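Next come the chains, spelled out residue by residue.
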Amino acid sequence: MLLTGPDTRVVELRVHGVQGTTPQTLVDAVAAVDVAGDGLGRIVRPADRLRRPAPGPVLQTEGRPIPRVVEGYLWGGMTSGGVAKATWALLFPFSIANVAHWMLPPVPEQNLPAHLLGIGLRSLLRVFALLLTALLVAQISVVSLDLLAAQCLRPATACLTSIPGDVRAFPWFRTFLGLLPILMVIAVMRRVSHVEWRIERKEIADAEEKDKQPPSGLPGAHVATDPDTAALRSLHVVAALAVTSLIALGGPLQQLTAAGGMGVAITVAWTVSLVLVGVSVLGVLLLDDPTGGAPHRGGRWLRAALSRKPRRLLLVFSLLLVLTTLGLQEQLPLRVPGADVTVQVVALLMAFVLVLFGLLLVPAALLARKTWRSLPRELRPWAGGWFAAPVLAIAGLLGGGFGAGVALPVRKALGDELHLPLGYTYITLLWGVAGVLALLSMLAVASFTGAVRWRAFRKGKVWAREASLLHSGRMRDLRMATRAWWWARWERNHGHHMILIVASVLVVGAVLASLQRLRDVELASWTYPFSAFGVFVLGLLAVSLLRAVYLAARQPESGRRLGIIADIAQFWPREAHPIVPPCYALKVVPELVARVQDHLRDPGTRVVLCGHSQGSLLVAVAAARLLEDLPPHDRERIGLLTAGSQLQWAYPRAFPAVVPHASLARLAGGLDGRWRALCRGTDPLGGAVTTWRRQVFDGMLLGVGYREDGSEGALAPALRGPTGALVLGGDHWLPDPQRGPFPGRRWRSGVSAHSDYTSDPEWDRAVAIAAGLLQVDAPESPSLPFARKPATRSRDALGGS
C-alpha cells in the first residue's frame, strides 16, 4: 500500500449501466456540470449554486480525511434517445447475429483443428448475416413490389382508388414505385453502417491498436475495430442491390421471359445479378481474419480487390444494374413471383447454414473445453460453449418474423382481395405453433418455479444463509431479503435457460412449417387456428417495434427506455454483420483511459474506476488497458470498483473467448487487491465477481476466489464492516434492505436490488480500499450510529437472531 502524503487526493470516475442516467444521479448531487467530453461522451462533476464544478465529499480513512473528486462518464447518448437511435431497434436481428460472433468458444493455442473450426464458424456467421440482409430485402419486395405496385396499383382495381387509372398505366410508374422503398431501405442501412463515434484524444485510441502483438490475456483484449468492416459493408450493399434486381427479373430459379432483344437484355441482367450475389457470398467467406492481425493470410488478395476504389466501382455497377432492371420493366406483371421464390430460397439457405454452424460448433466447443473444465460448474460457459447456435437461430427467425409481421397488416390495410405469397401461410403456421408452444412452456416454467419456491420456503427450510448473517437481529428485513434473494438467484441461474427455451420453441415451429412447405402439403383444417394465432403474434411483433419508433419521436424518454436493447448489443464491434449501430466501447474505453492518464499526471492523485452493471464491463476493459500501458509506479495508483456487475455469472459464460475467467483472474492479480466488488443477493442482474463456492459454516461466510497475489484458492472468512457488510475476498456483500438510517448520510428504504449502490455507506469504504488507502483486515473502525436502535428481541426461523 502506498503511503499517503499531504497532497494525496482520490478521483472517483463513475460509469453508469444500461438505459443511461442523469448527470445528477451519476455523481450523486443535486446539480452537475460538464467538465470535458464532446456531448456524446460527457464527463461531469457535481456543481455548486453558481454551477461551478465542486469537490466531492471527503473520503474517511484510518489516518485522516482525504479530498475526493467525483466525476461521471455519461455514454447513454450513444445508444438512447432520438428517432434515429430508436430506429436501430428494427435492425435488432442484425445485432443479434453480430453478438453471436462474440459468443464463439475460444480457440486453444497450437491446435490446428480448433483453428480451422474457428475460421469455418466465423465464415458461416458472415454468410448467415449476408443472408439476413437478403431476407430483409426480399420481404420488403413482397410488400412494395408485389402487394403495392403489382397487385394494388394495377389498372382497373379497387385498391387505392385515389390514384387515377392513367397514372397507373404510365410506363415505369409502378416499377419505380415498387423499387423506390427497397432502395431507400438499402440507403438507410448503408448510412447506419457508416456511423462512427468520434473519439476524443484520437492518438491514445490509435496507440491501443495492438493487433500485431500477442493477446495480453486481460478482459476485452479482442474488442477492437475490424479493418474488414468497410469491405463487409460493401458486400452487403452489393448483395442487397443484386437481390433487388433478381426479384424484379423473376427470382433466382427462373427469369422473366420476353421476345427479341428485350429477352436477351433480361437474361444478361438476370445473370449479372446472380454473379454479384455469388461474389458477395464468396467475399464474406474469404474474409477469414476478423481482427486483421494477420494480413498475410488468404484474404489479403480480397482485401486488395476490395479497397476503396474497387468498392466504389462495384457499388456504382450494382446501382446501374437496378436502374437497368427498372428500364426493362415498363409494366409490372400481375404478380411478382420472384419475391416469394427469393424469400423461400433465402430461408432454406439460412436453415442450411444454421444447421452446419451448429454441427461445427459441437467439436469446436469440445476442443475448447480444456480451457474451462477445471472450473466449477457455476463458472463454465452456458450450454457447454454452444450458446452461439441458439442465439443465431433467434436472429434468423426474428428477421423472418418481422418481415411477415409487416406484410400481413399492410395486406389487411390495402384490401383483402390482395394475395400474399404462398410461403407466408407457412410462416404464420410457424409462428402460431411457436406461440402455442411458448404459452405451454411459460405455463410449465411458472408451475415448476412455483413448486420449487414453495419447497424452498416450506416450514423448517433454511436457505440463503448469507442473508441470515447480513440481517442478524432484524427479522422483518430478513424476511424481505430472503424472498428477494430467491427470485434474484433464480433469474441469474435460469435466465439463459429461458433463451434456450425460446430458441427451441421457434426452431420446432420452423421445422414443422418447413416440412409442410417442402412436401407441398395442403394445410389441414386443424392448422387454421394455429395460423390465425400466428397472424396475431406476427402483427404484435411488428406493431410493437414500429410503435416504439413512433413513441421515440413523440416522447424522447421512450427512446431512452428502448436503449436497453442497444446498450447490450452495441458493446460489441461490427464483425459478423456490418449494418449494425457502432460499438460504443471503442469510444468509451479510450476516453476513460485518456481521462485516467490525465489525472495520474499529478503524482498525488489516485484514480478509482467505478462501474455499475454494464459500466462494470467498460471499466474492467479500461483498467486492463491501463495495466498494459502504465509503468509500474502508476499502476499502483489505480483501483477498480464494480457494483451490480455481471462479470462472473454472465459475461465469462456467454462470451468465453473475450471475457474468460482466466482474464479476470489476471486483472485481479494486476490490481493487487485494489479490485472491489459491491454485490447484493437481492440483485437479479448483478452478483459476486471475485468469489465463488460460498457457504456459511459455524456463523462464518467462507468461499473460494481471487487472492491478492493473482492466484485462486480458499479465502479467509469474511470480515464484517462497520455498517454490516460482509467482505469476502474482493466482494463486499451489502445488507439489503440497508441498515440504518445513519445520521448525516443519505439512506434508501426497502429492497434496492440492482439500483442505487452509492447510497450504501460501504461504497465509500470500498473506494478507499480500491485507492490503496485502507486495508480490509485493518482494525475495525467504529460503526456509524443508528438513528434508531434496531430490534434484537425477536428470533427468526432462518437462523438470524
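The rules behind these values
Throughout this description, residue numbers start from 1 for each chain and increase along the sequence as written. Residues qualify for local features only when their pLDDT is at least 70, as the model is predicted, and side-chain atom pairs are given and counted only at 80 or more; totals for whole chains, interfaces and linings, by contrast, use all residues. Side-chain measures were taken over the full set of non-hydrogen atoms in the model, leaving aside hydrogen atoms and water. Strands here mean DSSP runs of E at least two residues long; helices mean DSSP runs of H or I at least four residues long; both are numbered from the N terminus. Summary of the burial criterion: residues with accessible area below 20% of their type's maximum are buried, those above 50% are exposed, and those between are partly exposed, where the area comes from a 1.4 Å probe applied to protein chains only. Residue contacts are counted whenever heavy atoms from the two residues lie within 4.5 Å of one another. Confidence of the predictor at the level of single residues is captured by pLDDT, which takes values from 0 to 100. Any two strands between which DSSP finds at least two bridges are classified as paired. The angle between two axes is taken between their N-to-C directions and runs from 0 to 180 degrees, where each axis is a line fitted to C-alpha atoms and a helix contributes only its stretch in contact. For patch building, the residue pool is restricted to those with more than 30% relative accessible area and no salt bridge; the joining distance is 9 Å between like charges and 5 Å between nonpolar side chains (Val, Leu, Ile, Met, Phe, Trp, Tyr). Surface accessibility follows the Shrake-Rupley procedure with a 1.4 Å probe radius. Residue values consider only the protein chains on display as shielding. Whenever a carboxyl oxygen of Asp or Glu lies within 4 Å of a side-chain nitrogen of Lys or Arg, that contact is scored as a salt bridge. Residues scored as positive are Lys and Arg, those scored as negative are Asp and Glu, and His as well as the terminal groups of each chain are ignored. For the purpose of locating charges, the reference atoms are NZ of Lys, CZ of Arg, CG of Asp and CD of Glu. Pairing of aromatic rings covers Phe, Tyr and Trp, the last through its six-membered ring, and needs centres within 6.5 Å; plane angles under 30 degrees mean stacked, over 60 mean edge-to-face, and all others mean tilted. Each ring is checked for a lysine NZ or an arginine CZ that lies within 6 Å of its centre and within 35 degrees of its normal; such an atom marks a charge sitting over the ring.

Student: Explain the overall build of the chain to me, please; I cannot follow it from the model alone.
Tutor: What the chain contains, in helices and strands, is 24 helices and 15 strands. In the chain, which comprises 801 residues, the share counted as buried stands at 54%. Within the chain, contacts between residues at least 6 apart in sequence are counted, and of these 78% link residues at least 24 apart.

Student: Before we go on, may I ask you to explain helix α24 (residues 762-770) in this structure?
Tutor: Side chains of residues three or four places apart in an α-helix project in the same direction, reflecting 3.6 residues per turn. For α24, the tally of buried residues reaches nine of nine residues, placing the bulk of the element in the interior. Buried within α24 we find E762, W763, D764, R765, A766, V767, A768, I769 and A770. One or two residues past the end of α24 sits G772, with phi positive at roughly 80°.

Student: Sorry, what's going on with the confidence of the model for the chain here?
Tutor: Any region with low pLDDT has predicted coordinates that should not be read closely. Mean pLDDT for the chain: 83, with 86% of residues reaching 70 or above. Confidence over residues 290-296 falls short of pLDDT 50; this stretch has 14 contacts with residues more than four positions distant or in other chains. Here residues 788-801 is modelled with pLDDT under 50, and outside its nearest four sequence neighbours on either side it reaches 26 contacts, counting other chains as well.

Student: Explain the pairing of strand β2 (residues 32-37) to me, please; I cannot follow it from the model alone.
Tutor: Two elements, β2 and strand β3 (residues 42-46), share five bridges in a ladder whose sense is antiparallel. Paired with D34 across the strands is V44, a residue of β3. Counted between consecutive antiparallel strands, the loop separating β2 from β3 contains four residues, among which G39 sits at a positive phi close to 100°.

Student: Explain the sheet that holds strand β11 (residues 700-706) to me, please; I cannot follow it from the model alone.
Tutor: By way of backbone hydrogen bonds, the strands of a sheet pair with one another, either parallel or antiparallel. With antiparallel pairing, the three strands of this open sheet are ordered in space as β10-β11-β12. Edge positions in the open sheet fall to β10 (691-697) and β12 (712-714), since each of these has one partner strand only. Across the sheet, the mean angle from the axis of one strand to that of its neighbour is 15°, orientation sign disregarded. Relative to β11, helix α23 (residues 661-671) is tilted by about 100°, and along the sheet it contacts β10, β11 and β12.

Student: Mind showing me how you'd approach unusual backbone geometry here?
Tutor: Residues other than glycine predominantly adopt negative phi, and peptide bonds predominantly adopt the trans conformation. With omega at 10°, the peptide bond leading from D736 into P737 counts as cis. Take P737: it is sitting in the loop between β15 (731-733) and α24. The backbone of R51 sits at a positive phi, close to 60°, despite the residue not being glycine. Note that R51 resides in the loop between β3 and β4 (59-60). Of note, the phi angle at Q110 is positive, near 55°, even though the residue is not glycine. Residue placement: Q110 occurs in the loop between α3 (92-102) and α4 (112-152). Exposure remark for Q110: the relative accessible area of 86% places this residue in the exposed category.

Student: Looking at this model, I keep getting lost on α3. Mind explaining?
Tutor: Here α3 lies mainly inside the structure; ten of its eleven residues are buried. Every buried residue of α3 is accounted for by P93, F94, S95, I96, A97, N98, V99, A100, H101 and W102.

Student: What is the right way to read a positive patch on the surface from this model?
Tutor: On the surface, R190, R308, K309 and R312 cluster together to form a positively charged patch. Here the positive patch gets three residues from one element, more than from any other, and that element is helix α11 (residues 308-328). Among the structural elements, K309 can be located in helix α11. In this structure K309 comes out as exposed when scored by relative accessible area, which is 68%.

Student: Is there a simple way to explain the packing of aromatic side chains in this structure?
Tutor: Aromatic ring pairs are defined here through the distance separating the ring centres and the angle between the ring planes. For the structure on display, the rule yields twelve aromatic pairs. Arranged with centres 4.5 Å apart and planes meeting at 15°, the rings of W75 and Y584 form a pair that is stacked. Here W75 is found in the loop between β6 (68-74) and α2 (83-87), whereas its partner Y584 is found in the loop between α18 (556-569) and α19 (585-600), with 509 residues between them in sequence. A relative accessible area of 0% means that W75 is categorised as buried. Following the ring pairs from residue to residue traces out a cluster consisting of W75, W102, F571, W572, Y584, Y651 and F655. Directly above the aromatic system of Y757 lies the positively charged group of R680, at a separation of 4.0 Å from the ring centroid.

Student: What exactly am I supposed to notice about the side chain of D477 here?
Tutor: Turning to its location among the elements, D477 is positioned in helix α16 (residues 475-518). Residues in contact with D477, not counting those within four places in the same chain, are H471, P737 and Q738.

Student: Could you clarify how one ought to interpret the sheet that holds strand β9 (residues 675-679) in this entry?
Tutor: An order of β2-β3-β6-β1-β7-β8-β9-β15-β14-β13 is seen for the ten strands of this open sheet, with the pairing classed as mixed. The open sheet is flanked by β2 and β13 (719-720), the only strands paired with a single partner. Summarising the sheet, strand β14 (residues 726-728) and β15 pair through three bridges and their orientation is antiparallel. What sits directly across from V727, in β15, is H732. Each of β1 (9-15), β6, β7 (605-612), β8 (638-643), β9, β14 and β15 is contacted by α24, which is oriented at about 150° to β8, the strand it contacts most.

Student: Quick question: what am I supposed to make of the pairing of β10 here?
Tutor: The two faces of the sheet receive side chains in turn, since in a regular strand these alternate between them. Pairing geometry for β10 and β11, over five bridges, is antiparallel. In the strand pairing of β11, V696 is matched with L701. Hairpin geometry of β10 and β11 is characterised by an intervening segment of two residues between the two adjacent antiparallel strands and by a positive phi of about 55° at D698.

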